[in-house]
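So the chains spell out like this:
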Amino acid sequence: MKSLSLYQERDSIIHEIEPINKLLYILTTILIMIIVPSIKCAVLCMIISLMLLLKANVIKKVLPIINFSFIILISIIIIQGLFNINNKTVLFNIGKIKFYKEGMMYSALIVIRVINILCAFALLVLTTKPSDLIEDLVRRGLSPKIGYVLSSVLQIIPQMTSTMGTIMDAQRSRGLETEGKLINRIKAFFPLIGPVVMNSLIATRERAMALEIRAFSSKNKKTFLNETKSTKLDSSLKYIFIAAVILSIIWRAAIWTK
Amino acid sequence: MDKIVVENLKYKYPLTDKLVLNDISFKIEKGQFIGIIGQNGAGKSTLCQAITGLVPLFFKGAYGGRVLVDGIEVAKSNISDISLKVGMVFQNPFTQVTGSKLTVYEEVAFGLENIGLNREEMKNRIDEALNLLGIYRFKDRNPFDLSGGQMQRLAIAGIIAMQPDVIILDEPTSQLDPQGSEEVFKAVWDLKKRGITIIMVEHKMEKIAEYSDKVLLMHDGKVIDFDTPEKIFSRDDLMQYGVIEPAYTRICKAFDIKDSGLYPVTLDRACEMVVKYNEHN
């Protein structure tokens, strides 16, 4: 079954941690990097994220995610290295092109921050089932209707794609050219879009009725089949994240008052 | 006491002129198996939706008359409250899967979570429903990985876990192969034996004749007849309502093999009457 999830099934302590704590970890990491704008702090945060990914046994799966942003990161390094407003000290030359130390340091900070944020998000998406994350959020007050929309799209979109494939095959079997030149593809788009949209609308209406029949709009307080797996570690982590943010604020305040 | 009472029900979809349901009245007793037959556009599905309250609460339009379930008027009630009394299984098994749950077990729990049932009771009901429908062995599978017949049984399991007194099935086997259809019919028959009132819209006349206590014949938004399968399928004007009687009935009609003016509607009864007919001729 295709699903739009990057979740990796592993047996690790990271997988056992409550999804809300992984969300808080992302928030904490971002906040600390904003509050403490030093490269050392960013490197430290990145090392922690990488270690957690290693512990979760999903480090290999992060590489494609980082690769995805590689072109943007490279362009940041080039642009900052060449044109940063504070550029003074030449670090190295490639022919006549000069790369400056100040710009390179600034771009290194941005790159490390981006990689750190990607790693923190990867920690969430690679070690948490989307349904667990959404259920956790619904337990904490997110509207069940919004929760349903978020969790259903992950499965329903691949199903709709499959339906679209069937419709495309049906049209192709009747002589419609859907491949080849761009003009052919554009011509094929219009005969396809009607059946696809109609099919989706009908399916959505039927699903909405089926949901209503199963008390989707019930005013009763919702309960959950799965038990919450909150551990002492989960409770401690929340305090650790709060403490880390407070400490970074104190550090920043101390720098200002000097 | 009657389980369902439909009184002078009239309904017209928005932006249309024609009444889809035109002054319909009938009563259904608790534990009965009712088959609804008629050609496409007769108003069968709309009638089912009116019994669950989806019409007029979900679809707007002009609505008259009333539908009572256990004395409660559905049009004036919340669908969530009615869903505890009346469950409905639709034609397409795919659109009945919520899409938000990753396993069959969790899928059945969807409605139970919505009504706020405690975990223990929820698990008991899910186990019972999955076992009854014969799909317990698939409990850890993704619902979208099931076959059409299995998915339709999952949809029924999701409904019966909510323990409604009435289950409406709107052409539940139309998209299934013969084996899948048989699985669904067996499951529904088990529910009937448990005392659940069943209303089934179906084009497979042999099955309707075999299982139904009474058959509601509809045409053009009106109830033409509401009687036992023998009486309904012994009518000689069925073709005009787009209905063809079961094959056994057709054969017996051809040879005029009948008992007390009624033709047989099941294979066993037809065989019995053919044997008698041969003995006498």
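Residues numbered from 1 in each chain as written. Chains lettered and ligands numbered in written order. Predicted model: local features only at pLDDT ≥ 70, side-chain atom pairs only at ≥ 80, totals over all residues. Heavy atoms only, no water.

**Some remarks on unusual backbone geometry**
Heads up, the condition is: Here a strand is any run of E in DSSP of at least two residues, a helix any run of H or I of at least four, and the numbering for each starts at the N terminus.
With omega at 10 degrees, the peptide bond leading from valine 55 of chain B into proline 56 of chain B counts as cis. Along the polypeptide, proline 56 of chain B turns up in helix H2 (residues 54-57).

**Quick notes on the packing of helix H5 (residues 104-114) of chain B against helix H7 (residues 148-160) of chain B**
All names here are of chain B. To keep things clear, this is the line we draw: Angular values range over 0 to 180 degrees, each being the angle between N-to-C directions of two axes fitted as lines to C-alpha atoms, with helices fitted over their stretch in contact. Any angle from 65 to 115 degrees is called roughly perpendicular, while one under 35 is roughly parallel, one over 145 is roughly antiparallel, and all others are oblique. By the definition used in this description, the sense in which the near helix is turned from the far one sets the handedness, with an anticlockwise turn below a right angle giving left-handed and a clockwise turn giving right-handed. Residue contacts follow a heavy-atom distance rule, with two residues in contact if any of their heavy atoms lie within 4.5 Å. We call Asp, Glu, Lys and Arg charged. Ala, Val, Leu, Ile, Met, Phe, Trp, Tyr, Cys and Pro are nonpolar, and the rest, Gly among them, are polar.
At a closest axis distance of 7 Å, the pairing of H5 and H7 adopts a crossing angle of 40 degrees. It follows from the interaxial angle that H5 and H7 lie oblique. Seen along the crossing, H5 lies across H7 with a hand that is right-handed. On H7, the residues that touch Val104, Glu107 and Val108 of H5 are Leu154, Ala157 and Gly158. When grouped by side-chain class, the residues that make up the contact of H5 with H7 number four nonpolar, one polar and one charged.

**Let's talk about the UniProt feature "transmembrane region" (unreviewed entry) in chain A**
Residues and elements named next belong to chain A. Here is the rule we go by: UniProt positions are given in the numbering used here, feature names are shortened, and annotations may be inferred rather than shown by experiment.
The feature "transmembrane region" (unreviewed entry), as annotated in UniProt, sits at residues 23-53, 65-83, 103-126 and 239-257 in this numbering. Structurally, residues 103-126 comprises 100% helix and 0% strand, and the distance from its first C-alpha atom to its last is 33 Å. End C-alpha to end C-alpha, residues 239-257 measures 27 Å, and it is 100% helix and 0% strand.

**As for the pairing of strand E1 (residues 90-94) of chain A**
Residues and elements named next belong to chain A. Formally: By the convention used here, strands pair only if DSSP detects at least 2 bridges between them.
Across four bridges, E1 lies against strand E2 (residues 97-100) in antiparallel orientation. Bridge pairing in E2 links valine 90 to tyrosine 100. Count of turn residues in the E1/E2 antiparallel hairpin: two residues, of which glycine 95 carries a positive phi of about 65 degrees.

**Observations regarding the packing of helix H2 (residues 19-35) of chain A against helix H7 (residues 130-139) of chain A**
Residues and elements named next belong to chain A. For the pair H2 and H7, interaxial distance at closest approach is 8 Å and the crossing angle is 90 degrees. Classified by the angle between their axes, H2 and H7 sit roughly perpendicular to one another. Here Pro19, Ile20 and Leu23 of H2 lie close against H7, whose contacting residues are Asp132, Leu133, Asp136 and Leu137.

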